[in-house]
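Survey of secondary and tertiary structure
Below, each chain spelled out in residue letters.
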Amino acid sequence: MSRRRPGRDDTPDRLYTLTGGRSRAGTDAFDLVTLVVAESDPVPGMQSEHAAILRMCRYPTAVVEVAAALSLPVSITRILLTDLQDTGRISARHPRPTYRLPDHDILEQVLVGLRNL
């Protein structure tokens, strides 16, 4: 049984065409958990992948989810997202951490306690 791996079974020509020959996004603004939100609707004549991203990101969606839904490598997805961000069609933000690191004083007290053992 052969499993299809996103982006790996695509011809290099297709991926080259999708990105206009670029191999890297011009920015590091998008990591795997960056949340992307569409700021506009797709317009006629827009590249189909760009339109799919705008439809998909009506609500905050992680970059890794966008890549999986498009069956594209994350590197290619980042390039497409950069295109959309450059034209103001999407906004991106990193999720807020839900945890809070302990206070420095508490960590120091724990360290002193461990040394006393």
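Naming follows an unreviewed UniProt entry, where the chain appears as DUF742 domain-containing protein of Streptomyces zhihengii.

Let us now look at the overall build of the chain. Looking only at helices and strands, the chain features 5 helices and 3 strands. For the chain, with 117 residues in total, the buried portion stands at 30%. Looking at the chain alone, contacts between residues at least 24 apart form 70% of all its contacts between residues at least 6 apart. Total accessible area on the chain is roughly 8,400 Å²; 52% of this is exposed by carbon and sulfur atoms.

What follows covers a nonpolar patch on the surface. Residues I106, V110, L114 and L117 make up a contiguous nonpolar surface patch of roughly 450 Å² in combined accessible area. Residue position: V110 is located in helix α5 (residues 104–116).

With that settled, consider helix α4 (residues 74–86). Given a rise of 1.5 Å per residue, 13 residues ought to cover 18 Å, and the 18 Å separating the end C-alpha atoms of α4 matches this to within 8%. Those residues of α4 that fall on the buried side of the exposure criterion are I76, T77, I79, L80, L81, T82, D83 and L84. Phi turns positive one or two residues past the end of α4, at G88, with a value near 75 degrees.

Attention shifts here to the sheet that holds strand β1 (residues 35–38). Taking strand neighbours across the sheet as the criterion, the 3 strands line up as β2-β1-β3 in an open arrangement whose pairing is antiparallel. What marks the edges here is a single partner per strand, and that holds for β2 (61–62) and β3 (90–93). As paired strands, β1 and β2 are joined by 2 bridges and run antiparallel to one another. The partner of L35 across the bridge, within β2, is A62.

To continue, consider the packing of helix α3 (residues 63–70) against α4. In contact at an axis separation of 9 Å, α3 and α4 are set at 105 degrees when each is read in the N-to-C sense. Put simply, α3 runs roughly perpendicular to α4. Touching V63, V66 and A67 of α3 are V74, T77 and L81, all from α4. Tallied by class, residues from the contact of α3 with α4 come to 5 nonpolar, 1 polar and no charged.

Turning next to the nonpolar core. Core analysis: the largest hydrophobic core is formed by 19 residues, its most contacted members being V36, I53, L81 and I90. Secondary-structure elements contributing two or more residues to this core are β1, α2 (48–56), α3 and α4. Setting aside its immediate chain neighbours within four residues, L81 contacts F30, V36, I53, V63 and I90.

Glancing now at the side chain of D83. Tracing the backbone through its elements, the reader meets D83 in helix α4. Judged by its relative accessible area of 18%, D83 falls in the buried class. Separated by 3.5 Å, the side chains of D83 and H50 make a polar contact.

Reading guide: rules and limits
- Sequence order sets the numbering: in each chain, residues are counted from 1 along the sequence as written.
- Side-chain atom pairs in this predicted model are given and counted only at pLDDT of 80 or more, local residue features only at pLDDT of at least 70, and totals for whole chains, interfaces and linings cover all residues.
- Water and hydrogen atoms were dropped before computing side-chain values, which therefore reflect all heavy atoms in the structure.
- We count a stretch as a helix when DSSP gives it H or I for four or more residues in a row; a strand needs E for two or more, and each element gets its number in order from the N terminus.
- Buried means the residue's accessible area, taken with a 1.4 Å probe over protein chains only, is under 20% of the maximum for its type, while exposed means over 50%, and partly exposed covers the values in between.
- For this analysis, residues touch if any pair of their heavy atoms sits within 4.5 Å.
- Under the convention used here, a 1.4 Å probe and the Shrake-Rupley method define accessible areas, while residue burial counts only the protein chains that appear.
- The patch calculation keeps residues exceeding 30% relative accessible area without a salt bridge and links them within 9 Å when they carry like charges or within 5 Å when they are nonpolar (Val, Leu, Ile, Met, Phe, Trp, Tyr).
- Salt bridges are defined as contacts in which a side-chain nitrogen from Lys or Arg sits within 4 Å of a carboxyl oxygen from Asp or Glu.
- In a helix, the anticipated span is given by 1.5 Å times the number of residues less one.
- Paired strands are those between which DSSP finds at least two bridges.
- Between N-to-C directions, angles cover 0 to 180 degrees, with each direction set by a line fitted to C-alpha atoms, over the stretch in contact for helices.
- Every angle not falling under 35 degrees, over 145, or within 65 to 115 is termed oblique; those three ranges are roughly parallel, roughly antiparallel and roughly perpendicular.
- Under the convention adopted here, Pro, Cys and the residues Ala, Val, Leu, Ile, Met, Phe, Trp and Tyr are nonpolar, Asp, Glu, Lys and Arg are charged, and Gly plus all remaining residues are polar.
- Buried Ala, Val, Leu, Ile, Met, Phe, Trp, Tyr and Cys residues that are joined via side-chain atoms within 4.5 Å together make up what is termed a nonpolar core.
- Any N or O atom pair separated by 3.5 Å or less is treated as a polar contact, with the protein-specific requirement of one donor-capable and one acceptor-capable atom, and with residues adjacent in sequence counted only for side-chain atom pairs.

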